[in-house]
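# Notes for the structure review
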Amino acid sequence: MSADRELTVLSREWCHLCHELLDALRPLQDELGFRVTVVDVDAHEALEARWSEWVPVVLDGETEICHHFLDESAVRAHFQRIG
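Everything in this summary refers to the structure shown in the same document. (Residues numbered from 1 in each chain as written. Predicted model: local features only at pLDDT ≥ 70, side-chain atom pairs only at ≥ 80, totals over all residues. Heavy atoms only, no water.)

### Notes on helix α3 (residues 72-82)
Among all positions of α3, only A74, V75, H78 and F79 are buried. The arc enclosing the buried residues of α3, seen along the axis, measures out at 130 degrees, which places them on a common side. Summarising the geometry of α3, the exposed residues directed more than 90 degrees from the buried face are S73, Q80 and R81. Considering only its buried residues, α3 is in contact with β1 (6-11), α1 (16-32), β3 (57-60) and β4 (63-67). Where α3 ends, the next residue or the one after it, G83, has phi of about 85 degrees, a positive value. (Buried < 20%, exposed > 50% of the residue type's maximum accessible area, 1.4 Å probe, protein only. Helix = DSSP H or I, 4+ residues; strand = E, 2+ residues; numbered from the N terminus. Arc of directions from axis to C-beta. Contact = heavy atoms within 4.5 Å.)

So, in C-alpha cells, the structure goes:
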C-alpha cells in the first residue's frame, strides 16, 4: 500500500448510509491498495457545518470523489488519474 494512497470518509456513527458505503468500499480498498480514514463529522463543528447534508462523503484531501453512495467508477477513475 502506497503511503499517498489514502481516502477520507466523512461519516456519522448512527448513519446507515455511512456504514453501507464503508462496507462497499472495503473490496476496492483491498484491490487498489489504499487506506481509509473515517472521520465523524459530528465531532468537528466545521466539518459538520460544511458536509452535514452530504454525509457520507469520500474525499482525497479536499477533493470530493462521491457522496451519499459509493461511486466505484469515480474511485477507480480518481486512482487512475493520480497514479
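### Focus on the nonpolar core
Core analysis: the biggest nonpolar cluster contains 13 residues, and L7, V9, F34, V58, I65 and V75 have the highest contact counts within it. Breaking this core down by element, the ones donating at least two residues are β1, α1, β4 and α3. Among the elements that line this core, the one with the most residues is α1, at four residues. In contact with L7, not counting residues within four places along its chain, are F34, R35, V36, T37, V58, L59, D60, I65, V75, H78 and F79. The next biggest cluster of nonpolar side chains, apart from the first, holds nine residues, and it includes C15, C18, V39 and V57. (Core = buried A, V, L, I, M, F, W, Y, C linked by side-chain atoms within 4.5 Å.)

### Looking at the packing of α1 against α3
Closest axis-to-axis distance for the α1/α3 pair is 11 Å, and the angle between their directions is 25 degrees. Compared by their axis directions, α1 and α3 come out roughly parallel. Of the two elements, α1 crosses α3, and the hand of that crossing is right-handed. For the pair α1 and α3, contact is made by L28, E31 and L32 and by E72, V75, R76 and F79, respectively. When the residues that make up the contact of α1 with α3 are grouped by side-chain class, the tally is four nonpolar, no polar and three charged. (Axes fitted to C-alpha atoms, helices over the stretch in contact; angles between N-to-C directions. Parallel < 35°, antiparallel > 145°, perpendicular 65-115°, else oblique. Left-handed = near helix turned anticlockwise from the far one by under 90°. Nonpolar A, V, L, I, M, F, W, Y, C, P; charged D, E, K, R; others polar.)

### Some remarks on the pattern of salt bridges
Evaluated as defined, the whole model comprises six salt bridges. In this structure, R12 engages E48 in a salt bridge whose closest nitrogen and oxygen atoms are separated by 3.1 Å. With R12 in the loop between β1 and α1 and E48 in helix α2 (residues 45-51), this pair connects stretches of sequence that are 36 residues apart. A residue is classified by how much of its surface remains accessible, and R12, at 7% relative accessible area, is buried. When the shortest N-O distance is used, the salt bridge between R76 and E31 registers 2.8 Å. Highlighted residues: R76 in helix α3 and E31 in helix α1, separated in sequence by 45 residues. (Salt bridge = Lys/Arg side-chain N within 4 Å of Asp/Glu carboxyl O.)

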